[in-house]
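Spelled out, the chains give:
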Amino acid sequence: MIFRSDLPAADERAQHEQHRQHKAKQYRQTAHRPHQPAARALQAAAAAGAAGSAAAVVPKGRALEIGVDAVYDIENRVDGEEQPQLEVSPITMYVTEYAERQFCQIAVNSRYICYGLRAGQIRVLHKDTSERALLRGHTQMIGDMQFSPSSKDDIIASFGIDGNLFVKRIKFAQDAIEEQPLLQVTVVNPPAGSAPRVRWLSKTRLAASIGDAIFTVDVDAKAREPVVLTADLADASNGGLTVVAPLGQKPHVNDFAVSPVSGTLACAHADGTVRVYAPVDDTYVLESTFEPFSEDPDGALASIAWVGADSLVVGGANNGTLALWKLGAGDMEGADCVQTFKIAGECYNFSCVAYPHARLVLLANLKKQSVYAVHLAEGAAGFDYVSEFSVTMPVLSFTALKESDDPMALQLYCMQTQAIQQYALHIDRCRPHGSAGDEGEAEETDSEEETSVDGSESAEEEDETVAVPAITPATPTPTTPTIDSSGPRRVAALSRISTGCPSLVYSGNSKLAVSSPPRAFCSTSSTAFW
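Structural notes on the overall build of the chain
Phase 1 of the analysis: Broken down by element type, the chain carries two helices and 35 strands.
Phase 2 of the analysis: Across the 530 residues that make up the chain, the buried fraction comes to 58%.
Phase 3 of the analysis: When contacts within the chain are restricted to residue pairs at least 6 apart in sequence, those whose partners lie at least 24 apart make up 60%.
Phase 4 of the analysis: For the chain, the exposed surface amounts to about 20700 Å²; the carbon and sulfur share of it is 49%.

Following this line, the structure appears as structure tokens:
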């Protein structure tokens, strides 16, 4: 239920601003301890949710024979299989048109939730306060956005179809979220119809692709003024950045991934080809080329992700088929397709890989409002299990983090057609019963010092975003929300109490629960989380 104020507009704005400042001050004073009244109020619900999760970890999916090509027919079920509803926590209502495209339009770290708006702006929500901001600069839709792998600094890179790549620091200062531009790269004559991609090679270096071009650029996190570059990617010589593959010579890059072990780039192209680039000095050189799907060698590839030092999962057209490959030497000697997994039936899948803390390839089927979790056997020996879950509305884009105290729990942050929502997924529901291995292990955090840079610029709010109340883990009936823009806008803030279970409470004219920031599981790539 969305509440509307009866106060005159001016008095209402003044009251809302006074309340916002009070809550921001309260947050600074209590940022490292739970908000006790809210914690007590939510304790029973959280305990019930934790108990429900503990009782629901028995897998209800389908076992797969390792190394044997498999077909999963989503229209035909096997006895004992179930497709349970994932536990959902609404974050905010925002209507996004249904579109089948491989754009990553949501990025999340331990402090902020960011998602792209229709006109190219980026909405920023602070997880523990009611504060919001709007990052401007892009003139068209965002194709990809990623947070820096740093756990101490909130730096986000975004690449739009307008050819603009921005890197900005997000800060919470003086009761508001502020932005500090660090880098802008403007691509001359960006190719139409491509899906821009951006990946962090390290905390200070990026790789990006648009069309068939791939380039790298350094990011100075301590810069007082933003670095502004103009890039003609058809020319291999560009000051300030390194062109790995020039524009205009190959089919488009639909996705690429960075190996966490060697730094090797694996690129999935629209002509069905994977190209592998090895790092040499300050650039990359083409090491090998192969076609992962022999039955459809020219079909466009949708996604690619590293799942080991020499293992790749490649998604075919619409991510309807996955291929697990073990790479050989530089000339592909000894390379082998270990296994394929095909989804039979109507599907258009957005792919996301949570690895190594969860050996899962997650596929969101826009056409069926379903999420498929395909589990990898230890050592990437093959696919050994598939589970299916239902969601409340089509998932257009999503990312995965580990935030709760339960080492076997993942949180999926999803951009959906009618809302931004968080789903809870337990790893034990996605793998063979009794499985063991390295999944669920805690991620080590870096020990870098916090960077403090002045000179940021406050952002405005502009999209029609309103808060939605918390709901219990049930199967709701999807409805088209009514956006109310007449009263003060409210943002739902995530609160975590002692059990580590996420809960939602209102900000604005009602009470706000504040707790210490959660631990990030992964936030470096939409296709691979390290």
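With respect to the sheet that holds strand S5 (residues 112–116)
Phase 1 of the analysis: The strand order across the open sheet formed by four strands is S4-S5-S6-S7, and the pairing between neighbours is antiparallel. The open sheet terminates on both sides in strands that have one partner only, identified here as strand S4 (106–108) and strand S7 (132–135). With strand direction ignored, the average angle separating the axes of adjacent strands in the sheet is 15 degrees.
Phase 2 of the analysis: As paired strands, strand S6 (residues 122–126) and S7 are joined by four bridges and run antiparallel to one another. For Leu125, the partnering residue across the bridge sits in S7 and is Arg132.

Let's talk about the confidence of the model for the chain
Phase 1 of the analysis: Summary statistics for the chain give a mean pLDDT of 78 and a share of 71% for residues scoring 70 or more.
Phase 2 of the analysis: Taken element by element, the predicted model of the chain shows its lowest mean pLDDT in strand S35 (residues 502–505) (37) and its highest in strand S9 (residues 155–160) (97).
Phase 3 of the analysis: Across residues 1–9, where pLDDT falls below 50, the model places 16 contacts with residues more than four positions away in sequence or in other chains.
Phase 4 of the analysis: Counted against residues more than four places away or in other chains, residues 447–530, with its pLDDT under 50, gives 277 contacts.

Describing the pairing of strand S10 (residues 164–173)
Phase 1 of the analysis: Judged by how many residues are buried, S10 sits mostly within the fold: eight of 10 residues are covered.
Phase 2 of the analysis: Bridge count between S9 and S10: five bridges; the pairing is antiparallel. Bridge assignment links Ile155 to a residue of S10, and that residue is Arg169.
Phase 3 of the analysis: Linking two consecutive strands that pair antiparallel, namely S9 and S10, is a turn of three residues; a positive phi of about 90 degrees is found at Gly163 within it.
Phase 4 of the analysis: As paired elements, S10 and strand S11 (residues 176–187) share 10 bridges and run antiparallel to each other. Bridge pairing in S11 links Lys171 to Glu178.

So, a negative patch on the surface
Phase 1 of the analysis: A surface patch of like charges, here negative, comprises Asp69, Glu291, Glu295, Asp296 and Asp298.
Phase 2 of the analysis: Here Asp298 shows up in the loop between strand S21 (283–290) and strand S22 (303–306).

Examining unusual backbone geometry
Phase 1 of the analysis: Of note in the backbone geometry, Gln174 takes a positive phi value of approximately 50 degrees without being a glycine.
Phase 2 of the analysis: Of note, Asp281 is a non-glycine position whose phi angle comes to about 55 degrees, a positive value.

Comments concerning the pattern of salt bridges
Phase 1 of the analysis: By the definition in use, this model includes 15 salt bridges.
Phase 2 of the analysis: A salt bridge links Arg169 to Asp153; its shortest N-O distance comes to 2.8 Å. With Arg169 in strand S10 and Asp153 in the loop between strand S8 (142–147) and S9, this pair connects stretches of sequence that are 16 residues apart.
Phase 3 of the analysis: Residue class for Arg169 comes out buried when judged on its relative accessible area of 1%.
Phase 4 of the analysis: Looking at Asp153, the relative accessible area reads 5%, which means it is buried.
Phase 5 of the analysis: Taken together, the shared-partner salt bridges in this structure form one network comprising Asp144, Arg197, Arg199 and Asp255.

What about the environment of Asn254?
Phase 1 of the analysis: In this structure, Asn254 sits in strand S18 (residues 253–258).
Phase 2 of the analysis: As for Asn254 and Asp212, which are separated by 42 residues in sequence, their C-alpha atoms are 8.5 Å apart.
Phase 3 of the analysis: Once residues lying within four places of it in the same chain are set aside, the contact partners of Asn254 are Ala195, Arg197, Ala268, His269, Ala270, Ala300, Leu301 and Ala302.

With respect to the sheet that holds strand S30 (residues 395–401)
Phase 1 of the analysis: Strand order in this open sheet of four strands is S3-S32-S31-S30, and the pairing throughout is antiparallel. A strand with exactly one partner marks an edge of an open sheet, and here the two such strands are strand S3 (87–93) and S30. In this sheet, adjacent strand axes meet at a mean angle of 25 degrees when their direction is disregarded.

Some details on the pairing of S18
Phase 1 of the analysis: Summarising burial for S18: six of the six residues are buried, a large majority.
Phase 2 of the analysis: Here S18 pairs with strand S19 (residues 265–269) via five bridges, running antiparallel. Bridging across to S19, Phe256 finds its partner in Cys267.
Phase 3 of the analysis: A loop of six residues connects S18 with S19, the two strands running antiparallel in sequence, and Gly263 in this loop sits at a positive phi of about 80 degrees.

Section: the packing of aromatic side chains
Phase 1 of the analysis: Enumeration according to the criterion identifies seven aromatic pairs in this entry.
Phase 2 of the analysis: Note on Tyr72 and Phe341: the rings are 6.3 Å apart at their centroids and 25 degrees apart in plane angle, and the pair reads as stacked. Of this pair, Tyr72 sits in strand S2 (residues 70–73) while Phe341 sits in strand S25 (residues 336–344), and the two are 269 residues apart along the sequence.
Phase 3 of the analysis: Since its relative accessible area comes to 3%, Tyr72 is described here as buried.

Description of the environment of Thr417
Phase 1 of the analysis: Mapped onto the elements of the fold, Thr417 is located in the loop between strand S31 (409–416) and strand S32 (419–426).
Phase 2 of the analysis: A relative accessible area of 11% places Thr417 in the buried class.
Phase 3 of the analysis: On a C-alpha basis, the gap between Thr417 and Val395 in space is 7.0 Å, while along the polypeptide they are 22 residues apart.
Phase 4 of the analysis: Discounting residues that sit within four places of it in the chain, Thr417 has contacts with Tyr94, Val95, Thr96, Tyr98, Met393, Pro394 and Leu396.

Reading guide: rules and limits
- Residues numbered from 1 in each chain as written.
- Predicted model: local features only at pLDDT ≥ 70, side-chain atom pairs only at ≥ 80, totals over all residues.
- Heavy atoms only, no water.
- Helix = DSSP H or I, 4+ residues; strand = E, 2+ residues; numbered from the N terminus.
- Buried < 20%, exposed > 50% of the residue type's maximum accessible area, 1.4 Å probe, protein only.
- Contact = heavy atoms within 4.5 Å.
- Areas by Shrake-Rupley, 256 points an atom, 1.4 Å probe, with all protein chains shown as cover.
- Pairing = 2+ DSSP bridges.
- Axes fitted to C-alpha atoms, helices over the stretch in contact; angles between N-to-C directions.
- pLDDT = per-residue confidence, 0-100.
- Patch = residues over 30% accessible without salt bridge, like charges linked within 9 Å, V, L, I, M, F, W, Y side chains within 5 Å.
- Salt bridge = Lys/Arg side-chain N within 4 Å of Asp/Glu carboxyl O.
- Lys, Arg positive; Asp, Glu negative; His and termini not counted.
- Charge placed at Lys NZ, Arg CZ, Asp CG, Glu CD.
- Phe/Tyr/Trp six-rings, centres within 6.5 Å; stacked < 30°, edge-to-face > 60°.

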